[in-house]
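Fold and geometry: a report
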Amino acid sequence: MDNNFQQEKLISQLLDSLNEIKRAEAPPFFYTRLSSKLNKTSDASLLSKIQFFVLRPALLLVSFTVFIFLNIYTLHHIKQETTVTSNSFYNKNDTSFQSFVQEYDLSVSYIYSENTNEE
Amino acid sequence: MEDQLLILELQQNLSKSFSKLVELYQHLVFNTVLGMIQSNIDAEDVAQEVFVQIYQSIHQFKGDSKLSTWIYRIAISKSLDWHRKKNRKKRFAFIESLYSSDNVSIKYDPPEFTHPGVEMENKEQAAILFKAIKQLPENQKVAFTLNKVEGLSYSEIAEVMQVTIASVEAFLHRAKQNLRKELASQLVR
């Protein structure tokens, strides 16, 4: 009982220990240090704004999608071109192509052959 | 009236009037932050962050409340941010302690805080009380610190915390109850 009373008294004293507290003062030259921090912050804020803009998830997602789309488009385009070129190559060996050349006399003629004919 | 003049000056020519604002409010900010974070080393840094925030957002201040109330709000929110950041670091302190030879627990949890404004004969008791205040939930801690360390009235605390006076009374009542329990358990140890 007495112990409890003592403890309660002690707790009350502890709770009252801040009753006459005085305001703590900021350290000297606080403004000087603050203004140098402000200068640093204004330099850094531009960088961080750019960084914030560049690293926005929406922007990243759109750039990534465009990148993927361009890659797919380029691959598809290259593939198509290759197919067209290879098709034309095969056509050269075709009999129809050969007959076409013969019909219109598109074969390469040399000057020697012309001379020979004249003789 | 003085506040309104200062706000006008700040909004028109920030760089010139800012030193005046710092001169007027530096002790208020420092004392609030110190009471909240209970670290003499970090209090100046956090107080500086408060003024940086004021500098960057003074144009957004509409004058709905007193300038000092707005400054108190920034100081409180910066202090709470500091606490959250520190708690996050503390969670990784165990891993750090495995690789470091230094005493990591002291780094993140300094043993004792003595407020420079406490009278000499109360220093020891105040240190025990501050240790117990650390254990309080955020709202109770803010209300108790503003009331005891900054000496704000219930209505002023209500304005800063943007709650009703009845809520402030409830916070303070619960804070005292919790502190009694915490102090009793500390005394038993």
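Cut-offs used in this document
- Here the residue numbering is sequential within each chain, running from 1 through the sequence in written order.
- Key to labels: chains lettered from A, ligands numbered from 1, both in the order written.
- Where local features are concerned, this predicted model is filtered to residues with pLDDT of at least 70; where side-chain atom pairs are given and counted, the filter is 80 or more; whole-chain, interface and lining totals use all residues.
- A helix here means a DSSP run of H or I that spans at least four residues, while a strand means a run of E at least two residues long, and both kinds are numbered starting from the N terminus.
- Exposed residues have 12 or fewer other C-beta atoms within 10 Å of their own C-beta, buried residues have 20 or more, and partly exposed residues fall in between, where C-beta atoms are placed from the backbone.
- Known as pLDDT, the predictor's per-residue confidence is scaled from 0 to 100.
- Distance between backbone-placed C-beta atoms decides contact: two residues are in contact if it is within 7 Å.
- Lines fitted to C-alpha atoms define the axes here, with helix axes fitted over just the stretch in contact, and angles between the N-to-C directions of these axes take values from 0 to 180 degrees.
- Angles are sorted into four bins: roughly parallel if under 35 degrees, roughly antiparallel if over 145, roughly perpendicular if 65 to 115, and oblique for all others.
- The sense of a crossing depends on the near helix, which, turned anticlockwise from the far helix by less than a right angle, makes the crossing left-handed and, turned clockwise, makes it right-handed.
- Note on definitions: a nonpolar core is a set of buried residues drawn from Ala, Val, Leu, Ile, Met, Phe, Trp, Tyr and Cys, linked by C-beta atoms within 7 Å.
- Note: domain ranges come from an automatic or database domain assignment.
- The classification used treats Ala, Val, Leu, Ile, Met, Phe, Trp, Tyr, Cys and Pro as nonpolar, Asp, Glu, Lys and Arg as charged, and all other residues, Gly among them, as polar.
- The directions from the helix axis to the C-beta atoms form the arc being described.

Concerning the overall build of chain A
If you tally the helices and strands in chain A, you get five helices and zero strands. Listed N to C, the secondary structure of chain A is α-α-α-α-α in terms of helices and strands. Taken over 119 residues, chain A has a buried fraction of 8%.

Brief notes about the confidence of the model for chain B
Residues and elements named next belong to chain B. Looking at chain B, pLDDT values average 88 and 92% of them are 70 or higher. By mean pLDDT, the top-scoring element of chain B is helix 9 (residues 154-161) (96), and the lowest-scoring one is helix 6 (residues 104-108) (56). Across the predicted assembly, pTM comes out at 0.71 and ipTM at 0.80.

Description of the interface of chain A and chain B
On the chain B side, the residues contacting the 23 residues of chain A number 31 residues. Breaking the side of chain A that touches chain B down by element, the ones donating at least two residues are helix 1 (2-15) and helix 2 (30-54) of chain A.

Overview of the packing of helix 1 of chain A against helix 10 (residues 165-188) of chain B
For the pair helix 1 of chain A and helix 10 of chain B, the least separation of the axes is 10 Å and the interaxial angle reads 120 degrees. On the basis of their axis angle, the class for helix 1 of chain A and helix 10 of chain B is oblique. Between helix 1 of chain A and helix 10 of chain B the crossing geometry is right-handed. Facing A:Q7, A:L10, A:I11, A:L14 and A:L15 of helix 1 of chain A, the residues of helix 10 of chain B in contact are B:K176, B:L179, B:R180, B:L183, B:A184 and B:L187.

Thoughts on the nonpolar core
Residue and element names in this part refer to chain B. One finds V29, V33 and A47 to be the most contacted residues of the largest nonpolar core, which totals 51 residues. Broken down by element, the residue count for this core peaks at ten residues, all from helix 2 (residues 14-37). Each of two domains, domain 1 (1-111) and domain 2 (115-189), supplies a minimum of three residues to this core. Beyond its immediate chain neighbours, meaning those up to four positions away, V33 contacts A43, V46, A47, V50, A75 and S79.

What to know about unusual backbone geometry
One non-glycine residue, A:F29, lies in positive phi territory at about 60 degrees. Mapped onto the elements, A:F29 comes out in the loop between helix 1 and helix 2. For A:F29, a count of 8 C-beta atoms within 10 Å gives the class exposed. In this structure, B:Q38 takes a positive phi of about 55 degrees despite not being glycine. Within the secondary structure, B:Q38 is located in the loop between helix 2 and helix 3 (40-57). The class for B:Q38 is buried, based on 22 C-beta atoms found within 10 Å.

Structural notes on the domain arrangement of chain B
Residues and elements named next belong to chain B. Looking at the assigned domains, one finds that chain B contains domain 1 (1-111) and domain 2 (115-189). With centres defined by C-alpha atoms, the gap from domain 1 to domain 2 works out at 19 Å. Taken together, the contact pairs twelve residues of domain 1 with ten residues of domain 2. Those elements that place two or more of their residues in the side of domain 1 that touches domain 2 are helix 2 and helix 4 (67-91). For the side of domain 1 that touches domain 2, the per-class residue count stands at five nonpolar, six polar and one charged.

A few points about the packing of helix 1 (residues 2-12) of chain B against helix 2 of chain B
Residue and element names in this part refer to chain B. Here helix 1 crosses helix 2 at 140 degrees, and the two axes come no closer than 6 Å. For the crossing formed where helix 1 meets helix 2, the hand is left-handed. Residues L6, E9 and L10 of helix 1 form the contact with helix 2, whose own contacting residues are L14, S17, F18, K20 and L21. For the contact of helix 1 with helix 2, the class distribution of residues is five nonpolar, one polar and two charged.

Considerations on the environment of B:E49
Residues and elements named next belong to chain B. Along the chain, the position of E49 falls in helix 3. Among the residues examined, E49 registers 21 C-beta atoms within 10 Å and is labelled buried. Expressed as a C-alpha distance, the spacing of E49 and A75, which sit 26 residues apart in the sequence, is 8.7 Å.

Brief notes about helix 9 of chain B
Residue and element names in this part refer to chain B. Along helix 9, the residues that are buried comprise I157, E159 and V160. The buried side chains of helix 9 occupy one side of the element, clustering within an arc of 160 degrees when seen end-on. In this structure, the buried residues of helix 9 make contact with helix 4, helix 8 (138-148) and helix 10. Of the residues one or two after helix 9, Q162 is the one with positive phi, at around 55 degrees.

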